[in-house]
Each structure stands twice: as C-alpha cells, then as structure tokens.
Amino acid sequence: MRAIQITEFGGPEVLAVTELPDPVAGPGHLLIDVARAGINYADTHQAENSYLAEAVLPLVPGGEVVGTAPDGRRVVALVGSGGYAERVVAPIPLVWGVPDAIDDVTALGMIVQGASAWLLLRRSVHLAPGESVVVHAAAGGVGTLAVQLARAWGAGRIIATASSEDKRALALELGADVAVDSGEPDLKDALIEANGGRRVDVVLEMTGGTVTDQSLRALAPFGRLAFYGMASRQEPEPVRPAALMAHSTTIAGMWLAHVFQLPGDVMRAALDELFGLAAEGRLRVVGGGEYGLTEARQAHEDLRARRTTGKLVLDPSR
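Residues numbered from 1 in each chain as written. Predicted model: local features only at pLDDT ≥ 70, side-chain atom pairs only at ≥ 80, totals over all residues. Heavy atoms only, no water.

A. How the structure looks around the pairing of strand β3 (residues 29-39). In the sheet, β3 pairs with strand β6 (residues 87-91) via five bridges, with the strands oriented antiparallel. By the bridge assignment, Ile32 is partnered in β6 with Val88. The pairing of β3 with strand β4 (residues 64-68) spans four bridges and is classified as antiparallel. Pairing of Ala37 across the sheet is with Val65, part of β4. (Pairing = 2+ DSSP bridges. Helix = DSSP H or I, 4+ residues; strand = E, 2+ residues; numbered from the N terminus.)

B. Looking closely at the packing of helix α2 (residues 104-124) against helix α3 (residues 141-152). At a minimum axis separation of 9 Å, α2 and α3 run at an interaxial angle of 50°. What the angle tells us is that α2 and α3 run oblique. Viewed along their axes, α2 and α3 form a crossing whose handedness is right-handed. Side by side, α2 and α3 meet where Gly109, Met110, Gln113, Gly114, Ser116, Ala117, Trp118, Leu120 and Leu121 of the first sit next to Gly141, Val142, Leu145, Ala146, Leu149 and Ala150 of the second. By residue class, the composition of the contact of α2 with α3 is ten nonpolar, five polar and no charged. (Axes fitted to C-alpha atoms, helices over the stretch in contact; angles between N-to-C directions. Parallel < 35°, antiparallel > 145°, perpendicular 65-115°, else oblique. Left-handed = near helix turned anticlockwise from the far one by under 90°. Contact = heavy atoms within 4.5 Å. Nonpolar A, V, L, I, M, F, W, Y, C, P; charged D, E, K, R; others polar.)

C. The nonpolar core, seen in detail. Ranked by size, the top nonpolar core spans 92 residues in total, and within it Ile32, Met110, Leu149 and Leu204 carry the most contacts. Counting residues per element, this core draws most heavily on α2, which supplies eleven residues. Residues contacting Leu204, with those up to four places away along its chain left out, are Leu120, Leu121, Val125, Val134, Val135, His136, Ala146, Ala226 and Tyr228. The next biggest cluster of nonpolar side chains, apart from the first, holds 16 residues, and it includes Val178, Ala190, Val200 and Ala218. (Core = buried A, V, L, I, M, F, W, Y, C linked by side-chain atoms within 4.5 Å. Buried < 20%, exposed > 50% of the residue type's maximum accessible area, 1.4 Å probe, protein only.)

D. Representation of the sheet that holds strand β9 (residues 158-162) in the model. Sheet architecture is open: six strands sit in the order β10-β9-β8-β11-β12-β13, paired in parallel fashion. The open sheet has two edge strands, β10 (178-181) and β13 (250-253), and neither has a second partner. Neighbour-to-neighbour, the strand axes of this sheet turn through a mean angle of 20°, independent of strand direction. Judged from the five bridges that link them, strand β11 (residues 200-205) and strand β12 (residues 219-227) form a sheet pairing that is parallel. Across the sheet, residue Glu205 finds its bridge partner in β12, namely Phe227. Where helix α5 (residues 187-194) meets the sheet, it contacts β8 (133-135), β9, β10 and β11, and its direction lies at approximately 170° from that of β10. Set on the sheet, helix α6 (residues 209-217) makes contact with β11, β12 and β13; between it and β12 the angle comes to about 155°.

E. Quick peek at a negative patch on the surface. Among the surface-exposed residues, Glu184, Asp186, Asp189 and Glu193 lie close enough to one another that they form a single negatively charged patch. Tracing the chain through its elements places Glu184 in the loop between β10 and α5. Owing to a relative accessible area of 36%, Glu184 belongs among the partly exposed residues under this scheme. (Patch = residues over 30% accessible without salt bridge, like charges linked within 9 Å, V, L, I, M, F, W, Y side chains within 5 Å. Areas by Shrake-Rupley, 256 points an atom, 1.4 Å probe, with all protein chains shown as cover. Salt bridge = Lys/Arg side-chain N within 4 Å of Asp/Glu carboxyl O. Lys, Arg positive; Asp, Glu negative; His and termini not counted. Charge placed at Lys NZ, Arg CZ, Asp CG, Glu CD.)

F. Up close: unusual backbone geometry. In this chain, Leu57 is followed by Pro58 through a cis amide linkage whose omega measures -10°. Residue position: Pro58 is located in the loop between α1 (41-48) and β4. Although it is not a glycine, Asn49 sits at a positive phi angle of roughly 60°. Secondary-structure assignment places Asn49 in the loop between α1 and β4. For Asn49, a relative accessible area of 29% puts it in the partly exposed group. Within the chain, Ser248 stands out as a residue other than glycine whose phi angle is a positive 50°. Here Ser248 shows up in the loop between β12 and β13.

Any functional reading would require information that these geometric values do not contain.
Next up, the structure:
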C-alpha cells in the first residue's frame, strides 16, 4: 500500500510517499480501507517529535481515519498513528459507526476537533448559559466547532479571534458576536472592549505565548481558561498559584487522549450529540481543503503558515 512515512524528525520536508506492506489486524483490532484521513495541527508536532506522546521512528503519521470495515460498514476511528495510508489497523474500542446522514469530512471533523470542542466547553470550563466565551483560532478545526457549540448551548457573548479578515468573517458567519484580530498588540484590552468593557468568563486557547498571557489578564472573577495547544511553539509566562487568587482564576489543560480514562463512554456520548446536531443542521464542519497523499508536505506547510481554515483531509488514493 502507499503511505507517508517519516524516517527522521523535522518539518514538512520529512514527509515522504512510500510503499509499505499492508497492515494485518490482530485480536481486538479492525482493518480499515481508508477513504479519508484527517490532518491535524498535532500531526506537525508528531513529525518533529514535539507532541505530548513521544513518537518512534519509522512513523506513518495521522491519528484519525474514516473508511470501510471488512463487513462494509462506514466507520471513523482513532489510530494514534498510521492514518496517512491506504489501509490502517485500529483498536476496536476506538472505532465508531458513521450515520448515513454524516459525510466523511464531517465524521473526521467530529472525532478530534468536535470532541475536543465538546470536552473543552462541557468538562474543562463547564460553560454556563449567558457566559461570555473567547474562542482563539476561531477559524480552525476546533475553533469553528467551538463557536457553534457555544451558540447552541446558550453562551452570552461569543468573541472570536483570527488572523485575517476572511477568517474573522467566517467566525461571525458561524455565530460569533464579534471578531477580533489575533495580532492586536494589546489583546487583553481588545478582548475586554469586545465584551462591552467587561472582563470575559471563558477562554479557549491553543496559541501559547503572549496570547495566553493576555487572555489570562482579561478573565473576570471565577473566569476559566482552557489550554489545549501551543501553535506558536512559545511558552506562556509562568503562573504563580497565589496569583490565581487575584481574580479567582481557573486554568485547565485538555488533551483528548485522557477522555478514555473517564468512567463511562464519554467519547460515545460526545459523538452521539455532535452527530445529532450535525444531522439537524445545527452544527457543521467547515471543509478546509482536501490534499492527495503526494501533497501531505504541502498540507503541513499550509497548517504551520496558518493559511488554512476548518477541517483538512487527506485522500490516500491520489
């Protein structure tokens, strides 16, 4: 089969198309013919071995796929690695059926980005109706869905940030009340101004560096910031626990992998609600573009340069 294989860590240049033996499904696993693989920002960290989970070479990147099981069922699956290929093996507990009303891009958009947005709002910040929400990188995969979920779940004022006029327009189209340029030199004041002069209740943040620092300073008493990525690859300033008392601030971290350590099938509950909202037309995955296997390097270059919006997918057949 054709696949993307990494034999040395680095940037997009290490992604190479190669021929590999077909994978074989052992006990407790399922072989999937891949229709589309999801492309995530985390994949760029995996390629350079800067992700939370250490990578081992040689490596086929890609943590999510949608495709066909041997019995003909359409399924979506989390695979950890191996997704950038024509075929992949997935642990059966991490495979979910895809309803007929859900297309491939939507299925892929929900399994990582949608589930992440769901967990951030439901579990990390416990969004309450009427609260103000800042969604950074609001035109990205998680951001586009977080804006829509915040609206569906009764948020008061939704403040989106994005780096271009087109991205800010998309966030407004999806339900944000106001969109702020993420490059504002005084982001704290810009966020407070966007909230009618009031500090904000909730921030979903995946940029790092000064964006995190400024966002923390914009929080209202009992405000919560959920940190789920560091796209800038710049560490925020250290936070002293005693300083959190100044505004009764809560900082949460979120990594999707930990959902499987929770009691009950929280992932199934998240996907059921997400697929249901999508089928009702209340939640949509914004397609960000489709790349062929031979274009994987370009996909990573586009992601790292912030030239993309919405959900990116890889077609292993071309």
